[in-house]
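Architecture at a glance
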Amino acid sequence: GKDAWVLKGKLLKTTAVPYIENGRAYVAARDLALLLGVGEGDLLAQVHPVYREGTPYVPVRDVAAAFGCGVEWNAGASCVVILNFAEVCIGVPLVW
């Protein structure tokens, strides 16, 4: 994975490298909470994390569903896209 994602055309550095396991994309809870504008604790209350080297990671699809968003895989860009998150991150690709 890469330690960056794209938000509204801007490349942002993440604190931990996202990864894909068994067809599911995982992102550090802290990074996704910042992106969505929620507290990390609020996010972790909604979705069961997986710990890797002490860092809580959450499955992107589960978080998106918990916050009423959809998720798509963009094969051309090799990225996950979170759809329709209110006005904060419509069509935000997470770049791997």
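These numbers come from a predicted model, not from an experiment.

Thresholds applied
- Residues numbered from 1 in each chain as written.
- Predicted model: local features only at pLDDT ≥ 70, side-chain atom pairs only at ≥ 80, totals over all residues.
- Heavy atoms only, no water.
- Buried < 20%, exposed > 50% of the residue type's maximum accessible area, 1.4 Å probe, protein only.
- Helix = DSSP H or I, 4+ residues; strand = E, 2+ residues; numbered from the N terminus.
- Pairing = 2+ DSSP bridges.
- Axes fitted to C-alpha atoms, helices over the stretch in contact; angles between N-to-C directions.
- pLDDT = per-residue confidence, 0-100.
- Contact = heavy atoms within 4.5 Å.
- Core = buried A, V, L, I, M, F, W, Y, C linked by side-chain atoms within 4.5 Å.

Let us look at the pairing of strand β8 (residues 79-83). Extensive coverage of β8 is indicated by the burial of 4 of its 5 residues. Sheet topology places strand β7 (residues 70-74) next to β8; 5 bridges connect them, and they run antiparallel. Note on β8: the bridge partner recorded for Trp 73 is Val 80. In textbook terms, the turn of a hairpin is the stretch between consecutive antiparallel strands, and for β7 and β8 this stretch comprises 4 residues, one of which, Ser 78, has a positive phi near 50°.

Ordered by their spatial adjacency, 4 strands build an open sheet running β3-β4-β6-β5, and the pairing between neighbours is antiparallel. One side of each edge strand has no neighbouring strand; the edge strands of this open sheet are β3 (19-21) and β5 (50-52). Along the sheet, successive strands turn relative to each other by an average axial angle of 40°, direction set aside.

This brings us to the confidence of the model for the protein. Counting all residues, the mean pLDDT for the protein is 76, and 75% of those residues have values of 70 or more. By mean pLDDT, strand β9 (residues 92-95) is the weakest element of the protein at 44, and β5 is the strongest at 95. Scored below 50 in pLDDT, residues 86-96 makes 50 contacts in the model with residues more than four places away or belonging to other chains.

Formed by 17 residues in total, the largest nonpolar core has its most connected members in Leu 32, Leu 43, Val 58, Val 60, Val 63 and Ile 82. Of all the secondary structure elements, the ones that give two or more residues to this core are β4 (24-28), α1 (29-36), α3 (60-66) and β8. Among the elements that take part in this core, α1 stands out by supplying 5 residues, more than any other. Grouped together as the second largest cluster of nonpolar side chains are 5 residues, Ala 16, Tyr 26, Ala 28 and Tyr 57 included.

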